[in-house]
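Okay, here's what each chain looks like letter by letter:
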Amino acid sequence: MTLIFLILAAITIVGTAAAMSFRNPIHCILGLTVGLVGLAMLFLHLGAQFVGFTQIIVYVGAVAILAVFAIMMTQGGRRLTETATKPQITPSLLVGGTVAGAVFAVLGWAMLGRPSTAIHSVQPVVSVNQIGQLLMHNYVLPLEIMAVLLTAALIGAVILAMPQERGKR
Amino acid sequence: MNPLTGYLLLSALLFSIGLAGALLRRNAILVLIGIELMLNAANLNFIAFWRYGPNPSALTGVMFTIFSITVAAAEAAVGLGIILAVYRHTKTTDLNEMTSLKG
């Protein structure tokens, strides 16, 4: 529980909470970007450099930009905020907040309720070389399946987003 | 309280924020982003358990996180494609107004 962890956790929580509470979707994406950068920093702090930089490339570089494109393509002419702008306590807000709070309470209770066991505190040294060796030997079948999945997702996304009746629009 | 507990609590909080967003927001794109946040909370759990687990040299948590990030990216691409396709029919991304399956 170091100071670095607390700072990075605060960045992550503030960013993601902002992403889920702002009214303007573009502001939400900005908050999401801050939160995901904080999470990538946490990965780096934990010693998983490859995963941290992958997180930045994939989420900050691709998913956030993709979401911004989707928002701009779906709400171009209209005002970019959700319709009912009054912050008020609605039943849906109450139920959703209760469910999320209950999930957090149960998870926290499960973690803090049991005595803390001994952990291995030696920082593991992991190189990209090791990750590549494992990907090419032990995990080569999942890697190939991922390649097929990414190809299918790429083709599927293009087909889904392609305009179908060109003459009518 | 050891460092692992801190990471697990942070992950639980991240999951709850994502769940609240997925349940409460009415913009379909932001619901998808809430789901991405929940996946990220799981990734943080994988990395924290790998870091403080008994056998970090096996790199299991790192491998699982890499594949999880890949699946999440594919899911985001297809999900946003579906939202664009639905928007073309209904002219809205508000989930309250998407009440019909017929195009």
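Quick caveat, the model's predicted, so the values are computed rather than measured.

Rules used throughout
Residues numbered from 1 in each chain as written. Chains lettered and ligands numbered in written order. Predicted model: local features only at pLDDT ≥ 70, side-chain atom pairs only at ≥ 80, totals over all residues. Heavy atoms only, no water. Helix = DSSP H or I, 4+ residues; strand = E, 2+ residues; numbered from the N terminus. Rg over C-alpha atoms; globule rule 2.2 N^0.38 Å. Buried < 20%, exposed > 50% of the residue type's maximum accessible area, 1.4 Å probe, protein only. Contact = heavy atoms within 4.5 Å. Areas by Shrake-Rupley, 256 points an atom, 1.4 Å probe, with all protein chains shown as cover. Lys, Arg positive; Asp, Glu negative; His and termini not counted. Charge placed at Lys NZ, Arg CZ, Asp CG, Glu CD. Axes fitted to C-alpha atoms, helices over the stretch in contact; angles between N-to-C directions. Parallel < 35°, antiparallel > 145°, perpendicular 65-115°, else oblique. Nonpolar A, V, L, I, M, F, W, Y, C, P; charged D, E, K, R; others polar. Patch = residues over 30% accessible without salt bridge, like charges linked within 9 Å, V, L, I, M, F, W, Y side chains within 5 Å. Salt bridge = Lys/Arg side-chain N within 4 Å of Asp/Glu carboxyl O. Phe/Tyr/Trp six-rings, centres within 6.5 Å; stacked < 30°, edge-to-face > 60°. Core = buried A, V, L, I, M, F, W, Y, C linked by side-chain atoms within 4.5 Å. Domains from an automatic or database assignment. Buried area = accessible area lost by both parts, 1.4 Å probe. Polar contact = N/O pair within 3.5 Å; in protein donor to acceptor, adjacent residues only side chain to side chain.

**Observations regarding the overall build of chain B**
Along the backbone of chain B there are 3 helices and 0 strands. The globule rule puts the C-alpha radius of gyration for 103 residues at 13 Å, and the 17 Å found for chain B is more than 25% above it. The C-alpha extent of chain B, read off along each of the three principal axes, is 55 × 25 × 15 Å. Among the 103 residues that make up chain B, the fraction classed as buried is 63%. Considering only contacts in chain B between residues 6 or more positions apart, those separated by 24 or more positions represent 58%. Within the structure as shown, chain B displays about 3900 Å² of accessible surface, and the carbon and sulfur contribution to it stands at 68%. Distance between charge centroids for chain B: 2 Å, based on 6 positive and 4 negative side chains.

**Thoughts on the packing of helix α2 (residues 25-45) of chain A against helix α2 (residues 28-52) of chain B**
Taken N-terminus to C-terminus, the directions of α2(A) and α2(B) make an angle of 5°; their axes are 11 Å apart at the nearest point. When the axes of α2(A) and α2(B) are compared, the pair comes out roughly parallel. Counting all contacts with α2(A), which are made through A:Pro25, A:Cys28, A:Ile29, A:Leu32, A:Leu36, A:Leu39 and A:Phe43, the residues of α2(B) involved are B:Leu30, B:Ile33, B:Leu37, B:Asn40, B:Asn43, B:Leu44 and B:Ile47. When grouped by side-chain class, the residues that make up the contact of α2(A) with α2(B) number 12 nonpolar, 2 polar and no charged.

**Some details on a nonpolar patch on the surface**
A cluster of nonpolar residues, A:Ile89, A:Leu93, A:Leu94, A:Val95, A:Val99 and B:Leu23, forms a patch on the protein surface that exposes about 540 Å² of accessible area. Looking at the nonpolar patch, the element that brings in the most residues is helix α4 (residues 91-113) of chain A, giving 4 residues. With respect to the element layout, A:Ile89 can be found in the loop between α3 (49-74) and α4.

**So, the packing of α2(A) against α3(A)**
All names here are of chain A. In contact at an axis separation of 8 Å, α2 and α3 are set at 175° when each is read in the N-to-C sense. Classed by the angle they form, the pair α2 and α3 counts as roughly antiparallel. Residues Pro25, Ile26, Ile29, Thr33, Leu36, Val37, Leu39, Ala40, Phe43 and Leu44 of α2 pack against Gln49, Val51, Gly52, Phe53, Gln55, Ile56, Tyr59, Val60, Ala64, Ala67, Val68 and Ile71 of α3. Looking at side-chain class alone, the contact of α2 with α3 contains 18 nonpolar, 4 polar and no charged residues.

**Here we look at the packing of aromatic side chains**
Summed over all chains, the structure comprises 4 aromatic pairs over all chains. For the ring pair B:Tyr7 and B:Tyr52, a centre distance of 6.2 Å and an interplane angle of 40° mean the geometry is tilted. Placement of the pair is B:Tyr7 in helix α1 (residues 3-24) and B:Tyr52 in helix α2, with a sequence separation of 45 residues. Classification of B:Tyr7 as buried rests on a relative accessible area of 3%. Ring centres 4.6 Å apart and planes at 25° place the aromatic pair B:Phe46 and B:Phe64 in the stacked group. Taken together, the residues span a long stretch of sequence, with B:Phe46 in helix α2 and B:Phe64 in helix α3 (residues 60-90) at a distance of 18 residues. Linked through ring pairs, A:Phe5, B:Tyr7 and B:Tyr52 together constitute an aromatic cluster.

**Here's the deal with the nonpolar core**
Note on soluble globular proteins: their nonpolar side chains tend to be buried together. A:Val51, A:Ile131, B:Tyr7, B:Ile29, B:Ile33, B:Ile47 and B:Val62 are the most contacted members of the largest nonpolar core, which totals 61 residues. Every element with two or more residues in this core is listed here: α1 (3-21), α2, α3 and α5 (128-136) of chain A together with α1, α2 and α3 of chain B. It is α2(B) that provides the largest number of residues to this core, a total of 12 residues. Split by domain, this core shows at least three residues from each of two domains, domain 1 (1-79) and domain 2 (127-162) of chain A.

**A word on the interface of chain B and chain A**
On the chain A side, the residues contacting the 68 residues of chain B number 80 residues. Here chain B meets chain A over a buried area of about 6600 Å², counting both sides, of which 76% is carbon and sulfur. The interface formed by chain B and chain A contains 0 salt bridges. Summed over the shared surface of chain B and chain A, the result is 7 residue pairs in polar contact (both at pLDDT 80 or more). Breaking the side of chain B that touches chain A down by element, the ones donating at least two residues are α1, α2 and α3 of chain B.

**Description of unusual backbone geometry**
Residue and element names in this part refer to chain B. Non-glycine residue Leu59 carries a positive phi angle of around 60°. The topology assignment puts Leu59 in the loop between α2 and α3. Under the relative-accessibility criterion, Leu59 is labelled buried at 2%. Even without glycine at this site, Lys91 takes up a positive phi of about 60°.

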